[in-house]
Amino acid sequence: MTDTSKRNLLLADALFVVALVMIYSTDGLKDYPIFLSPLLIIAFGTCVIRHINHYKLTKRIY
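Everything numeric here is computed off the predicted structure, so don't read it as measured data.

1. Re the overall build of the protein chain
The helix and strand inventory of the protein chain stands at three helices and zero strands. Along the protein chain, helices (α) and strands (β) appear in the sequence α-α-α when read from the amino end. Since a compact globule built from 62 residues should have a radius of gyration of about 11 Å, the 14 Å found for the protein chain marks it as more spread out than a globular shape. Taken across its 62 residues, the protein chain has 16% of its residues classed as buried. Of the contacts made within the protein chain by residues no fewer than 6 positions apart, 61% connect residues no fewer than 24 positions apart.

In structure tokens form, the structure reads like this:
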């Protein structure tokens, strides 16, 4: 796997964490739980699937 793929994986994880922190710091989950809860679950699942696929291809975590 190329360095670009590793960077994209790390960037996607960093953006997920930043979005998660912003949602919790502004109490957005309390205001809009019907919309944000499924989106957070889907985003987390996508991150996990991307990491599993990366591991299958490279046999390395990063």
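2. Here's the deal with helix α3 (residues 33-58)
The end-to-end C-alpha distance of α3, which contains 26 residues, comes to 37 Å, matching closely the 38 Å that a straight helix rising 1.5 Å per residue would cover. Taken together, the buried positions of α3 are L36, L40, C47, H54 and T58. On its buried side, α3 packs onto α1 (3-25) and α2 (28-31). Looking at the residues trailing α3, positive phi occurs at K59, about 60°.

3. Some remarks on the packing of aromatic side chains
In this description, an aromatic ring pair is defined by two values, namely the gap between the centres and the angle between the planes. A complete count under the given rule lists one aromatic pair for this structure. Considering the side-chain rings of F16 and F44, the 6.3 Å spacing of their centres and the 35° angle between planes classify their relative orientation as tilted. Placement of the pair is F16 in helix α1 and F44 in helix α3, with a sequence separation of 28 residues. Since its relative accessible area comes to 19%, F16 is described here as buried.

Each value, and the rule that gives it
- Residues numbered from 1 in each chain as written.
- Predicted model: local features only at pLDDT ≥ 70, side-chain atom pairs only at ≥ 80, totals over all residues.
- Heavy atoms only, no water.
- Helix = DSSP H or I, 4+ residues; strand = E, 2+ residues; numbered from the N terminus.
- Rg over C-alpha atoms; globule rule 2.2 N^0.38 Å.
- Buried < 20%, exposed > 50% of the residue type's maximum accessible area, 1.4 Å probe, protein only.
- Contact = heavy atoms within 4.5 Å.
- Expected span 1.5 Å × (residues − 1).
- Phe/Tyr/Trp six-rings, centres within 6.5 Å; stacked < 30°, edge-to-face > 60°.

Interpretation note: all reported values are geometric properties and have no functional meaning in isolation.
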